[in-house]
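Take a look at the letters that make up each chain.
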Amino acid sequence: MQTTAASDSSLLHAELESQQQEELYHQLLLQTMGKVPTENPDSKLIRPQPGMCVKTQSVQDNQKVFVNICQSSSVPPPPELSTEELVDLLQSEDPSGFKVPMSLGEPHTELDNSSQGCTAYDVVINQDFFKKCQKDQLFLQFVIMVSLEGLENKYQLELSRDWKVLKNRKFLGSVTEQNIRTKSQPVIQELPPHREPVTEASRRPDFSLRVEPPAGDPQFLIAEVKLPNVHSSRSLVLDVGEDRLVLSARPSLYHLDFFHPFLVDQESSVAQYNSSTQVLTVTMPVVSS
């Protein structure tokens, strides 16, 4: 009788845990779809200061493109880096390991000096880092390259590297406010405060990607990751980027790091771990593809 009671209690606990996870998932999914207002959003509006205007062109159609590199103290600075360290970084096999925090604005149509239509983008970087770039030509070239790459990745562009900094113009168009994130929010509950280091024992789990709806413009990108022997979401550390997903399972069971061909809303993405099937489902709203 005691064994039966223990079994019933265990089943009831599992059923309640599953129900709570399901309710949490549906609540987050409703929030993702815009049906539940988000309280205390971890973002704020900023009005950046003009910095410099870079002229280049789109490789696809040879149309003029202007990049307004702006400055704001609200954008965090990148890690400290000397000129010598930057040289070593650019000569390394993976220079992308150094990240420059920046806010990439939406394209806006403007008129150039010849009254011809053109496209402009606003890129906002940290104010102190901008000043450093003004004093060091290598940093200046580096931040321009990073800005171009960021715009290319976000908007599926191909921009010419034959660019020119305009001497007598700090901004093309009018300065507009940008909404920047002030805090990253986890998309899976009960995460530990640190990332589990990747070791040789970590394995790449099986996973699949699909878009919803299957036809027409994609609204959601859904990743399903199979995680045998992972019994609770407490073991998982998940980061969702704009075009990247990184997952670790403790203790050194699995590690997954991949890029996908979509731009997603990382702050509105949600995740659910089904401990019965041992499958993690990550639902990511698609911004553009």
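A.B. asks: Just give me the short version of the pairing of strand E15 (residues 270-274), but keep the residues and values in it.
C.D. replies: The element E15 is extensively covered by neighbouring structure, given that four of its five residues are classed as buried. Examined bridge by bridge, E15 and strand E16 (residues 279-288) share five bridges and lie antiparallel to one another. Its bridge partner lying in E16, Asn274 is registered against Val279. Hairpin connection, E15 to E16: the antiparallel pair is bridged by four residues, and Gln278 has positive phi, about 60°.

A.B. asks: Break down helix H3 (residues 127-135) for me, citing the residues and quoting the values.
C.D. replies: Among all positions in H3, only Phe129, Phe130 and Cys133 are buried. Buried positions in H3, seen along its axis, are confined to an arc of 105° and lie on one side of it. Exposed and facing more than 90 degrees away from the buried side of H3 are Asp128 and Lys135. Elements in contact with the buried residues of H3: strand E2 (49-57), strand E3 (64-72), strand E6 (117-126) and helix H4 (137-155). Where H3 starts, the residue carrying a side-chain oxygen 3.0 Å from the main-chain nitrogen of Asp128 turns out to be Asn126.

A.B. asks: Give a description of the sheet that holds strand E13 (residues 254-259) that names residues and reports values.
C.D. replies: Taking strand neighbours across the sheet as the criterion, the three strands line up as E11-E12-E13 in an open arrangement whose pairing is antiparallel. Both edges of this open sheet fall to strand E11 (236-240) and E13, since each of them pairs with a single strand only. Neighbour to neighbour, the strand axes of the sheet diverge by 5° on average, direction disregarded. As defined by bridge partners, strand E12 (residues 244-249) adjoins E13 across six bridges and the pair is classed as antiparallel. Bridge pairing links Leu245 to Phe258 in E13.

Criteria and thresholds
Residues numbered from 1 in each chain as written. Predicted model: local features only at pLDDT ≥ 70, side-chain atom pairs only at ≥ 80, totals over all residues. Heavy atoms only, no water. Buried < 20%, exposed > 50% of the residue type's maximum accessible area, 1.4 Å probe, protein only. Helix = DSSP H or I, 4+ residues; strand = E, 2+ residues; numbered from the N terminus. Pairing = 2+ DSSP bridges. Arc of directions from axis to C-beta. Contact = heavy atoms within 4.5 Å. Polar contact = N/O pair within 3.5 Å; in protein donor to acceptor, adjacent residues only side chain to side chain. Axes fitted to C-alpha atoms, helices over the stretch in contact; angles between N-to-C directions.

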